Amino acid sequence: MTDLDIKETDVEIKVPEKEPERQFFYMEKCRKLVEQRVKLKKRSLRYHVETFGCQMNFKDSEKLEGVLAAMGIEAEESEKADIVIYNTCTVRENANTKVYGRIGYLGKLKKQNPDMIIALCGCMMQEPAAVEKIKNSYSFVDLIFGTHNIFKLAELLYNVFEDRLCGKEKKHRMLIDVWKDTDKIVEELPSVYKYSFKAGVNIMFGCNNFCTYCLVPDVRGRERSRRPADILNEIRDMASKGIVEVMLLGQNVNSYGKGLDEPADFAGLLSKVDGIEGIERIRFMTSHPKDLSDELIDVMARSKHICRHIHLPLQSGSDRLLKAMNRHYTAADYMKLVEKLRKAMPDIAITTDIIVGFPGETEQDFSDTLKVCEEVAFDSAFTFIYSKRTGTPAAAMEDQVPPDVVKERFDRLLEVIRRTSEEKASALTGKTVQVLVEETDREGLEAFDKKKDQVYLTGRLENNLLVHFAGSSDLIGKLVNVKLDECKGFYFLGSLCQK
Ligand code: SAM
Ligand code: SF4
């Protein structure tokens, strides 16, 4: 018997039209096909999901894994798997370049294992030019889908399985299903949590802001919020499974609730999440400065569980560039927010995103950015070299800044951020703080004078910094007190405080 002799044995029943029932129907059909294949191969089938990009993609990958696990397929660390999915990013050009290189590598693996299924999804697949290139140059890819129909994985894979396993289509074909946009939110599909103690929760999808450099509104569609009840039920369910930290995710969480039938806003949602028993830490990202409300600051200041940390992308300190970026705030507005946040919560950590080399950026614009960075003294920052993204208004702007000028400015910015963030972090040296233990520090840090047999752990502070300390691995997922003995710039060495 060959792979192609496998036949589905179940009696054909009507495919449900409604979601998520339809996907559960296909998960079950796939599960049966997987069972047959496992018998034939005398080994389990294995999947590998590789995530490129942001927290949003990381969360999407957990959903993809939930569906694959429900089909009886097991997780595999390497790409030598039966099904490999790349969940791609396209925010900057180098994200695309990286993915093309890796698809080439998958092609080599497929030569050794022709049964392998290669699927590509995520933001990059929303770009017609990227899909065209894959069609022409990587014809061995089996499945391409986008960000709007990620919930359809079971149905799409069933179609690929049918082609492959049931012999309906003996010639290889690439199945492509990419939607331009959607207003659909499909709830209640399974999810695998990468960590047993922390997880992301989508509160909204898409973005309506159209910052002139950014592809996200094109590839993630218009903003739509989940209903508060669905979010709260998901978090209650997480808490019942032992999750103690949640991160609420959206491209602009401060505009949560717009367009819902019932009145809802982010500050209100946060205070409800704050009341869920078992959730010890609440984080959220990303906050757009133009929509950050006084109510939100108030809810944060009063809460016991919301981490004293806010990620508030500045992008630029030049009012002229902020206008050209379509950000709808000035450097002074941003400074006012920082002042309000620190007045309400003197210990709050503020982190940011900054773009260097936006079209037309002059030395004066850049020094305005440095000035804001010095004044705020960020706890840390993601710094990006501007990447020209075809289709965005900024890509058509004149005065693109020469790469050598951008590089020189970028290095100067890094130096300011490194210095101010190190100063902020070292002020904590000697303090005892609560940390969530995340993992064992397998390699160990050379900075420790290591004893054999001693396990080292990594814990996360409320302000998002990490501390490494000796302890036992049964502390993973627990909140413990750790003394911060030595600051190493962007992490600490510490010691566990026994109660
Ligand atoms: N929605 C979030 C916000 O507005 O703050 C950010 C989402 S975006 C995925 C993350 C960061 O990528 C942005 O804050 C911006 O700094 C950066 N980014 C987006 N497009 C970029 C581009 N074309 N070149 C360089 N950096 C970019
Ligand atoms: Fe991109 Fe701006 Fe939307 Fe953030 S707010 S995702 S930077 S368009």
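Residues numbered from 1 in each chain as written. Chains lettered and ligands numbered in written order. Predicted model: local features only at pLDDT ≥ 70, side-chain atom pairs only at ≥ 80, totals over all residues. Heavy atoms only, no water.

**A look at the overall build of the protein chain**
Helix and strand counts for the protein chain stand at 13 helices and 19 strands. Against the compact-globule benchmark of 23 Å for 499 residues, the protein chain has a radius of gyration of 24 Å, which places it among compact chains. Overall, the protein chain is about 70 × 60 × 50 Å in size when its C-alpha atoms are taken along their principal axes. The 499 residues of the protein chain split such that 55% are buried. Residue pairs in contact within the protein chain that sit at least 24 positions apart in sequence constitute 75% of those at least 6 positions apart. Mean positive and mean negative side-chain charge positions of the protein chain (75 and 80 charges, respectively) differ by 3 Å. (Helix = DSSP H or I, 4+ residues; strand = E, 2+ residues; numbered from the N terminus. Rg over C-alpha atoms; globule rule 2.2 N^0.38 Å. Buried < 20%, exposed > 50% of the residue type's maximum accessible area, 1.4 Å probe, protein only. Contact = heavy atoms within 4.5 Å. Lys, Arg positive; Asp, Glu negative; His and termini not counted. Charge placed at Lys NZ, Arg CZ, Asp CG, Glu CD.)

**Some details on the site of ligand 2**
Residues in contact with ligand 2, as listed here, are Cys 207, Asn 209, Phe 210, Cys 211, Tyr 213, Cys 214, Val 216, Pro 217, Gln 251, His 288 and Arg 327. Class assignment of the residues belonging to the shell around ligand 2 gives a composition of 7 nonpolar, 3 polar and 1 charged. (Near = heavy atom within 4 Å. Nonpolar A, V, L, I, M, F, W, Y, C, P; charged D, E, K, R; others polar.)

**Here's the deal with the pairing of strand 13 (residues 349–356)**
Burial within strand 13 is extensive, with 8 of its 8 residues counted as buried. Neither face of strand 13 is open: one carries Ala 349, Thr 351, Asp 353 and Ile 355, the other Ile 350, Thr 352, Ile 354 and Val 356, and all of them are buried. Where strand 12 (residues 309–311) lies against strand 13, 3 bridges are found, and the strand directions are parallel. Looking at strand 13, one finds that His 309 is bridged to Ala 349. In this sheet, strand 14 (residues 380–385) lies alongside strand 13 in parallel orientation, the contact comprising 6 bridges. (Pairing = 2+ DSSP bridges.)

**Let's talk about the sheet that holds strand 5 (residues 143–145)**
An order of 2-1-3-4-5-6 is seen for the 6 strands of this open sheet, with the pairing classed as parallel. In this open sheet, the two strands that pair with only one neighbour each are strand 2 (74–75) and strand 6 (175–177). Note: strand 4 (residues 117–122) against strand 5, 2 bridges, orientation parallel. Pairing of Ala 119 across the sheet is with Leu 143, part of strand 5. Sheet contacts for helix 2 (residues 55–70): strand 1 (46–51), strand 3 (83–88), strand 4 and strand 5; angle to strand 1, the most-contacted strand, approximately 170°. (Axes fitted to C-alpha atoms, helices over the stretch in contact; angles between N-to-C directions.)

**Details of empty space enclosed by the protein**
Inspection of the entire model under this criterion finds 1 cavity of 30 Å³ or more. Of the voids in this model, the largest cavity is the one considered here, and its volume is about 50 Å³. Taken together, the residues of the lining of the largest cavity break down into 4 nonpolar, no polar and 3 charged. (1 Å grid on protein atoms, 1.4 Å probe; cavity = no way out; pocket = protein on both sides within 12 Å on 5 of 7 lines; lining within 4 Å. Points joined across faces, edges and corners; volume = space filled by probe spheres on them.)

**Considerations on unusual backbone geometry**
Here Glu 19 and Pro 20 are connected by a cis peptide whose omega angle stands at 5°. Its location among the elements puts Pro 20 in the segment before helix 1 (21–41). Here the amide bond leading from Met 285 into Thr 286 is cis, since omega sits at 10°, within 30 degrees of zero. Structurally, Thr 286 can be placed in the loop between strand 11 (281–285) and helix 9 (294–302). Even without being glycine, Glu 188 reaches a positive phi, approximately 70°. Mapped onto the elements of the fold, Glu 188 is located in the loop between strand 6 and strand 7 (198–202). Of note, the phi angle at Phe 210 is positive, near 50°, even though the residue is not glycine. Structurally, Phe 210 can be placed in the loop between strand 8 (204–205) and helix 6 (216–220). For Phe 210, a relative accessible area of 37% translates into the label partly exposed.

**Some words on the site of ligand 1**
Taken together, 15 residues are adjacent to ligand 1, and Gln 251, Pro 313, Gln 315, Asp 353 and Ser 387 come closest. One of the side-chain N or O atoms of Arg 92 is found 3.3 Å from an oxygen atom in ligand 1. Alone, ligand 1 offers 570 Å² of accessible surface; in the complex the protein occludes 92% of this. If you list the elements that add at least two residues to the shell around ligand 1, you get strand 13 and strand 14. Residue composition of the shell around ligand 1, grouped by class: 7 nonpolar, 4 polar and 4 charged. (Polar contact = N/O pair within 3.5 Å; in protein donor to acceptor, adjacent residues only side chain to side chain. Areas by Shrake-Rupley, 256 points an atom, 1.4 Å probe, with all protein chains shown as cover.)

**Side note on the packing of aromatic side chains**
In the structure shown here, the tally under the stated rule is 13 aromatic pairs. On the numbers, 5.5 Å between centres and 45° between planes, the contact of Tyr 26 with Tyr 158 is tilted. In this pair, Tyr 26 is assigned in helix 1 and Tyr 158 in helix 5 (residues 153–165), connecting sequence segments 132 residues apart. In terms of burial, Tyr 26 and Tyr 158 fall into one category: buried. Ring geometry for Tyr 334 and Phe 378: centres 6.2 Å apart, planes at 65°, overall edge-to-face. Residue Tyr 334 is found in helix 11 (residues 331–344), and its partner Phe 378 is found in the loop between helix 12 (363–376) and strand 14; the two are separated by 44 residues along the sequence. A relative accessible area of 0% places Phe 378 in the buried class. (Phe/Tyr/Trp six-rings, centres within 6.5 Å; stacked < 30°, edge-to-face > 60°.)

**Examining the pattern of salt bridges**
Summed over all chains, the structure comprises 43 salt bridges. Taking the shortest distance from any N to any O, the salt bridge between Glu 65 and Lys 194 comes out at 3.5 Å. Of the two residues, Glu 65 is situated in helix 2 and Lys 194 in the loop between strand 6 and strand 7; the sequence distance between them amounts to 129 residues. For Glu 65, a relative accessible area of 8% gives the class buried. The partner of Glu 422 in a salt bridge is Arg 418, with the nearest N and O atoms 2.9 Å apart. Taken as a pair, Glu 422 and Arg 418 lie in helix 13 (residues 403–426) at a separation of 4 residues, close to a single helical turn. The exposure class assigned to Glu 422 is partly exposed, which follows from its relative accessible area of 33%. Given a relative accessible area of 42%, Arg 418 falls into the partly exposed group. Salt bridges sharing common partners tie together Lys 59, Glu 62, Glu 187, Arg 226 and Glu 234. (Salt bridge = Lys/Arg side-chain N within 4 Å of Asp/Glu carboxyl O.)

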